[in-house]
Amino acid sequence: MPDKNRPTQSVLPVSPVPWWKSSLFWRTFFLVGILLVISMGAWISSFRLEQRGSRARSIAEQVVSLVTITRAALVHSEPESRRELLFDLASNEGIRIYPLEPADQIEPITRGDDLMQNMLPYIQQKMGDDTILSPNVNDMPGFWISFKLEEDDIYWLRLDNGRVRDISGLRWLGWSGIVLVLSLSGAGFISRLLNEPLARLAHAARQMANGKLPEPLPEKGVTEIRAANHSFNQMVKDLERVDQDRMEILAGISHDLRTPLTRMRLELEMSSLPEESREGMQTDISQMDAIVGQFLDYARLGAPAASETVDISSLLQVMADEAERRPGLKLNASIEKGLSILANEIDIRRLVNNILTNAQRYGRTPESGLAEVDMVCSREGDKVRIEFADNGVGVPESDFERMLRPFTRLDDARGQANGSGLGLAIVSRIAKRYRGLVQLGNRERGGFVVSVSFPAVKTPK
C-alpha cells in the first residue's frame, strides 16, 4: 500500500531530548558531580593558600637555621681548615658557599615565585633587612641567600632548588585528578541510590500500561520511597481486584443472557408471526447474541494467555478467503509470505474478525454502500504489521484514543449502527496481550485505518 495510506499516529509528537536531559539519573549525576567538584576545588584552593603561608614560614626557618649553623661553623673554624669544611658542605649537604662580589649578576625575585616572596619577610626579619634572596646568580640557578661573616665579609649560600621546592603544579594536577575521580564516583553512587527506586517504580508503571501485572515493589528504604512503593502495590491490588470483579460480572451477565435469548429464538420459530416480523425479530436477537458474545470475549481476555508460534501469513490468507462470503464486504488482501508471530490463533482470529466487522458496520463507501477494505500484512524490521484500511468517511483524530476504550461508540462520525462498543477495545487488549501495538489513522483520500504490529518470530528458511 502506498505510504500516503499509512495511519496517522494518535500519539502527540515528542521533540527529541538529549540523553543527559531525558534521564533523571544523568541529571542528578551531573548536578551532584558539579557540586562535589566545586566544593573540592574550593577546599583545595583554600588549603593551598593556607598551606603556602605556613610552608613558606617553615622553609624560611629551616633556611635561617642552616645559614646560622653554616656561618657559625665558618667563623669558629681555623682558616686553614675552611677549605676542607666548604668541600664537606658541598659534597655531603649540597651547600655551596661563594663570596659575594659587586659584579655578580643577581636575578630579582619574580612575581611568579610565590615561595621566595613569602619567605623573604621571615628571613629578613631574622637575618636583617639587607639579606638578599635570588633564584639565579651569574646564570647559576638555585636558592641563593646572602649572609655576613664579618661586617664587610659577605658570602652567598646556595642550595639546590629541590630542597626548598614548592609543591609542583603537576602534583596538584594529579591530586585534582584523584579528587575528580572520587567526586564523580561518589556522584554516580548517590545518583544511583536516589534514582534506582524511581526507575523501578517507572518500570512497574510501564508494565501496567502494557497490560502486565508487575511484581510487588520492595517496601523498604527511606520513608518516602517506602510509602510510595506501598501505595503503588496497594493500587495494583485494587485495580486487579476491580478488573477481576468486572470480568466476573460481565461474564456472568453475558452467560445468563444467553439462556433467555435461546428461549426467545425457539419461541419465535414456533410462533405464527408474519415472515417479515419474524425476520426482523430474528435479526434483533442475532444482534443481541453478537453483543453478548463480545462481552464474553472481552471478559475472557483477562485470563492468562497460552502463546504459540502462529503462521500469520497462512492464517490471514485463510481468513481472507472466508471473508469473501461476508455480505456487504469486499476485502483486498496483500499478504507477505513466511511471517510468524508468538500469539494464540483464536485470539488473532477474534482480532481480525472484530476489525472487519467494525469496517463492515461503519466503513461503508458512501457511493456504493459496500465496505471495501484493503488488508496488508508485511514485515517492518523486527515487527509484523497488519493494516486494515476502509474507504468510509473516517474518524476525527481527536476521537482516536477514545475509540480504544471499552463501550465506546462514535455513531455520529461513523453512521448509525448497533453494537456494544467493544470491538476495538478487544483488538487493543489482544494486541497488548502479545506485546503488540494498535495505531489508528485516516487515509488522505478518505477512510479509516487500523494498524496492528506484533513482534516477529524468526522462522528457518
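Up top you'll find the structure we're talking about.
Residues numbered from 1 in each chain as written. Predicted model: local features only at pLDDT ≥ 70, side-chain atom pairs only at ≥ 80, totals over all residues. Heavy atoms only, no water.

Caption draft 1: Layout of the overall build of the chain. Each helix and strand in the chain was counted, giving 12 helices and 12 strands. Of all intrachain contacts in the chain linking residues separated by at least 6 positions in sequence, the fraction that spans at least 24 positions is 67%. Accessible surface, the chain as shown: approximately 27700 Å² in total, 56% of it carbon and sulfur. (Helix = DSSP H or I, 4+ residues; strand = E, 2+ residues; numbered from the N terminus. Contact = heavy atoms within 4.5 Å. Areas by Shrake-Rupley, 256 points an atom, 1.4 Å probe, with all protein chains shown as cover.)

Caption draft 2: Focus on the packing of aromatic side chains. Inspection of the entire model under this criterion finds two aromatic pairs. Between Trp144 and Trp156 the ring centres are 5.8 Å apart and the planes differ by 90 degrees, which places this aromatic pair in the edge-to-face class. In this pair, Trp144 is assigned in strand β4 (residues 140-148) and Trp156 in strand β5 (residues 154-159), connecting sequence segments 12 residues apart. Its relative accessible area of 1% is what places Trp156 among the buried residues. Ring geometry for Phe147 against Tyr155: centres 6.2 Å apart, planes inclined by 25 degrees, an arrangement best described as stacked. Under the relative-accessibility criterion, Phe147 is labelled buried at 3%. (Phe/Tyr/Trp six-rings, centres within 6.5 Å; stacked < 30°, edge-to-face > 60°. Buried < 20%, exposed > 50% of the residue type's maximum accessible area, 1.4 Å probe, protein only.)

Caption draft 3: Structural context of a nonpolar patch on the surface. On the surface, Trp26, Phe30, Ile34 and Ile38 cluster together to form a nonpolar patch covering roughly 370 Å² of accessible area. Inspection of the secondary structure puts Phe30 in helix α2 (residues 24-75). Note on Phe30: relative accessible area 33%, which makes it partly exposed. (Patch = residues over 30% accessible without salt bridge, like charges linked within 9 Å, V, L, I, M, F, W, Y side chains within 5 Å. Salt bridge = Lys/Arg side-chain N within 4 Å of Asp/Glu carboxyl O.)

Caption draft 4: Structural context of helix α8 (residues 312-323). Taking 1.5 Å of rise per residue, 12 residues should cover 16 Å, and α8 covers 16 Å from first to last C-alpha, within 8% of that figure. Summarising the contacts, the buried residues of α8 are in contact with β6 (308-311), β7 (329-335), β8 (340-343), α9 (345-362), β9 (371-380) and β10 (383-389). (Expected span 1.5 Å × (residues − 1).)

Caption draft 5: Spotlight on the pairing of strand β3 (residues 133-137). Here β3 lies mainly inside the structure; five of its five residues are buried. Note that strand β2 (residues 106-107) and β3 share two bridges and pair antiparallel. The residue of β3 that forms the bridge with Glu107 is Asn136. In terms of strand pairing, β3 meets β4 through four bridges, oriented antiparallel. Each bridged residue has a counterpart across the sheet, and for Asn136 the counterpart in β4 is Pro141. The hairpin turn running from β3 into β4, its antiparallel successor, is two residues long, and Asn138 in that turn takes a positive phi close to 55 degrees. (Pairing = 2+ DSSP bridges.)

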